[in-house]
Amino acid sequence: MAKQLARTQVFHGTLIHTVSSTELVILTDTVIIVNPTGIIQGIHPSTPAATISQLLVQHHGLNPPTYRLTILGPTEFLIPGFIDTHTHAPQWAQRGTGRGIPLLQWLEEITFPHEARLDDPHYARRLYSVCVRGGLQQGVTTACYYGSRHAEASVILAETCLAQGQRALIGKCNMNRHAPDWYCDSSTVESITDTETFIRKVRDLDPGHELVTPVITPRFAISCDEELLHELGQLAARHPDLPIQTHFNESRGEVEFTRTLFPNDTSETELYERLGLLNDRSILAHAIYPSDAEIDRMAQLNCGIAHCPIPNVTMDVFMVAPVREYLRRDIKIGLGTDCGGGYSSSMLEVMKAAFVVSTAGSTMTQGRDEPLTLTEGFYMATLGGARVCGLEGKVGNFRVGKEFDALLVRTKTGVMAPVEESDDVRTLFEKFLMTGDDRNIMQVFVKGRRVHVL
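Parameters at a glance
Residues numbered from 1 in each chain as written. Predicted model: local features only at pLDDT ≥ 70, side-chain atom pairs only at ≥ 80, totals over all residues. Heavy atoms only, no water. Salt bridge = Lys/Arg side-chain N within 4 Å of Asp/Glu carboxyl O. Buried < 20%, exposed > 50% of the residue type's maximum accessible area, 1.4 Å probe, protein only. Patch = residues over 30% accessible without salt bridge, like charges linked within 9 Å, V, L, I, M, F, W, Y side chains within 5 Å. Areas by Shrake-Rupley, 256 points an atom, 1.4 Å probe, with all protein chains shown as cover. Lys, Arg positive; Asp, Glu negative; His and termini not counted. Charge placed at Lys NZ, Arg CZ, Asp CG, Glu CD. Helix = DSSP H or I, 4+ residues; strand = E, 2+ residues; numbered from the N terminus. Axes fitted to C-alpha atoms, helices over the stretch in contact; angles between N-to-C directions. Parallel < 35°, antiparallel > 145°, perpendicular 65-115°, else oblique. Contact = heavy atoms within 4.5 Å. Nonpolar A, V, L, I, M, F, W, Y, C, P; charged D, E, K, R; others polar. UniProt positions renumbered as here; feature names shortened; annotations may be inferred. Expected span 1.5 Å × (residues − 1). Polar contact = N/O pair within 3.5 Å; in protein donor to acceptor, adjacent residues only side chain to side chain. 1 Å grid on protein atoms, 1.4 Å probe; cavity = no way out; pocket = protein on both sides within 12 Å on 5 of 7 lines; lining within 4 Å. Points joined across faces, edges and corners; volume = space filled by probe spheres on them. Left-handed = near helix turned anticlockwise from the far one by under 90°.

Student: It is not clear to me how the pattern of salt bridges should be interpreted in this structure. Could you clarify?
Tutor: If the charged atoms of two oppositely charged side chains come close together, the side chains can form a pair. The final tally for this structure, using the stated rule, is 23 salt bridges. Arg329 is the partner of Glu325 in a salt bridge, and the nearest nitrogen-oxygen pair spans 2.6 Å. According to the relative accessible area criterion, Arg329 is partly exposed, its value standing at 29%.

Listed below in structure tokens is the structure:
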């Protein structure tokens, strides 16, 4: 569980966040107050630095010994932490390999052998330690992880996130067919029993889900027979507070194969809903090829979508998800790195890829689907991702009562575009999103606790 801080933290400077997919808010000369439990206690825009002490005493009863004050420089700002809505912790070491081959071949030849190594708990601890640390270094304050099929290793991932302070949704991956014998749950009973054990142990580690939440995780319909999917649906019904995640409409080959396995269902939407796995807790990774009827149903059920632009265009074909349509209908949508299908674990790189792919989508639809704006990309990486993960009441932007998950960004460093005298704050922000990297992320906070310092 998150540790309580010794005293209140106070920051003064520029805050940048979104309140919707179309509204970017820039607050300058702003005081933000974070209490020792990591909750935002106050936000006061347009506050001259000389009046900070008076404001803190009058409005919050805070005297200098009871708080720590950080004054941001003119080329620094605070933004909400990035939320990676879809990533595979076991694939951290295989990033960058397997370009240009079809999804199902990539799984068989590269991914399953890598994931099978997580049967060794010593390897799991070593790999997950660098994976979580790497995410925090790049400003990922919340990650929605797929684990391997191993319950013990998935618990180790939860322990690692708690130890390093990363907020996480974690699933033990369920799969009992269409994978090698050496990387398959031996039966439905084993798969469900291991999942129940995993859920119980993670709840014991963090009973209030302050940082870590178990996720029910059928890998996808191809790797789970109907009995297993049905039992996972029953498990989801018994645990109505837990999210559900799966790969969904990820490639044409996957869609066609699924149709042959479940011929009585007209779509993946119908399949998952019938088996109790499609609702407002569902996180659907990719969602590239849904029909209009499926999009309608996802909207009606308030499902969440994890858009992963990098792997979608670096497998064997260039695939463009209907992101503009999702935004148009206010369907919950966030961004995912899809490590290691995605070669980069940087949410900054994912945002840039999302812009590029959306431009291709605009070309393909002859301008009907407009390219993403800067605000929309940033929204999906922060507040949009929080909505997908069911965390919008806790994190995603700066609001009194929310938890302080934030990045302190310094723009006048690294190799990003130089800061010039004529640059206003919005220009600095755009330069960071489009040319910055982790060298510009000076400090990372999760629930008020500083979990990374450059």
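Student: Explain a negative patch on the surface to me, please; I cannot follow it from the model alone.
Tutor: Taken together, Asp119, Asp120, Glu152 and Glu159 make up a surface patch of like negative charges. Position of Glu159 relative to the elements: it lies in helix α4 (residues 151-164). For Glu159, a relative accessible area of 36% corresponds to the partly exposed category.

Student: Where do I start with the packing of helix α12 (residues 347-364) against helix α15 (residues 425-435) in this structure?
Tutor: When two helices pack together, you describe them by how their axes are tilted relative to each other and by the distance separating the axes. The geometry of α12 relative to α15 is characterised by a closest axis approach of 8 Å and an angle of 95° between their N-to-C directions. Relative to α15, α12 is oriented roughly perpendicular. On the side of α12, the interface is formed by Leu348, Met351, Lys352 and Phe355, while α15 contributes Phe432, Leu433, Met434 and Thr435. Looking at the contact of α12 with α15 residue by residue, the classes come out as six nonpolar, one polar and one charged.

Student: Can you walk me through the side chain of Gln94 in this structure?
Tutor: Mapped onto the elements of the fold, Gln94 is located in the loop between β6 (82-88) and α2 (103-116). Among the residues examined, Gln94 registers a relative accessible area of 0% and is labelled buried. Once residues within four sequence positions are removed from consideration, Gln94 is found in contact with Trp106, Ile110, Thr111, His114 and Gly340.

Student: Before we go on, may I ask you to explain the UniProt feature "domain: Amidohydrolase-related" (unreviewed entry) in the chain in this structure?
Tutor: Here the UniProt feature "domain: Amidohydrolase-related" (unreviewed entry) sits at residues 77-451. In this annotation, residues 77-451 is assigned 42% helix and 17% strand; the end-to-end C-alpha distance for the span is 18 Å.

Student: Help me out: how do you make sense of helix α3 (residues 121-137) in this one?
Tutor: With 17 residues, α3 extends 24 Å between its outermost C-alpha atoms, agreeing within 8% with the 24 Å of an ideal straight helix rising 1.5 Å per residue. Residues of α3 that are buried make contact with β7 (140-146), α4, β15 (441-446) and β16 (449-453). Measuring from the backbone nitrogen of His122 back to the side-chain oxygen at the start of α3 gives 3.0 Å, which picks out Asp120 as the cap. Two residues or fewer after α3 comes Gly139, characterised by a positive phi angle close to 85°.

Student: What am I meant to see in the layout of surface pockets here?
Tutor: Leftover empty space is mapped by rolling, across the atoms, a probe with the size of a water molecule. When its volume is computed, the largest pocket comes out at roughly 410 Å³. Residue lining of the largest pocket: 25 residues in total, with Val320, Ala321, Pro322, Thr365 and Asp369 positioned closest to the centre. For the lining of the largest pocket, the secondary-structure elements that each account for two or more residues are α9 (292-301), α11 (323-328) and α12. Here the lining of the largest pocket is built from residues that sort into 13 nonpolar, five polar and seven charged.

Student: Just checking my understanding: could you explain the packing of α4 against helix α5 (residues 188-205) for this structure?
Tutor: Where α4 contacts α5, the axes come no closer than 9 Å and their chain directions differ by 20°. With respect to α5, the element α4 is oriented roughly parallel. Taken as a pair, α4 and α5 cross one another with a handedness that is right-handed. Where α4 abuts α5, its residues Ala151, Ser154, Val155, Ala158, Glu159 and Leu162 lie against Asp194, Phe198, Lys201, Val202 and Leu205.

Student: Would you explain the side chain of Thr337 in this entry?
Tutor: Its location among the elements puts Thr337 in the loop between β13 (332-335) and α12. Note on Thr337: relative accessible area 0%, which makes it buried. A polar side-chain atom of Thr337 sits 2.6 Å from a polar atom in the side chain of Asp84. Once residues within four sequence positions are removed from consideration, Thr337 is found in contact with Asp84, His86, Thr87, Pro311, Gly342, Ser344, Ser345, Ser346, Met347 and Val350.

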